Amino acid sequence: VSRGRATNGRNSLHPPKTKDILSNFEDLSNYIKHFDDVVAELKPILERVADENGSVIVLTCNKGQSELLMNFACSARARGLEDVLK
């Protein structure tokens, strides 16, 4: 059963409307437009925090997950793993 299936068996998820598609396309276009600038800004930071193998772990979260992120950061600090929080 898909997550969009209602208890009556109907699909509650509908295809996006044209305005939503255009809005998402605008966001994607903006991302692509600024991609090289963002890479240039992040590259020196990543080089500074990478381990000896050049590895970096990147976590992302939305506002709903921010408490979990803070819990992770506090737990890492409490265990002396501050290097992972660069």
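### Some details on the pattern of salt bridges
Side chains that carry opposite charge are capable of pairing whenever their charged atoms lie near each other. Taken as a whole and judged by the stated rule, the model has 1 salt bridge. Taking the shortest distance from any N to any O, the salt bridge between Asp20 and Lys19 comes out at 3.6 Å.

### So, helix H2 (residues 66–78)
Taking 1.5 Å per residue as the helical rise, H2 with its 13 residues ought to reach 18 Å, and the 18 Å between its terminal C-alpha atoms agrees with that figure. Backbone geometry just downstream of H2 places Gly80 in the positive-phi region, at approximately 75 degrees.

### Section: the state of the cysteines
Counting across every chain of the model gives 0 disulfides. Left without a disulfide partner, Cys61 is nearest to the cysteine sulfur of Cys74, which lies 13 Å away.

So, how was this worked out
Residues numbered from 1 in each chain as written. Predicted model: local features only at pLDDT ≥ 70, side-chain atom pairs only at ≥ 80, totals over all residues. Heavy atoms only, no water. Salt bridge = Lys/Arg side-chain N within 4 Å of Asp/Glu carboxyl O. Helix = DSSP H or I, 4+ residues; strand = E, 2+ residues; numbered from the N terminus. Expected span 1.5 Å × (residues − 1). Disulfide = S-S within 2.5 Å.

Coordinates in, geometry out; function isn't part of it.
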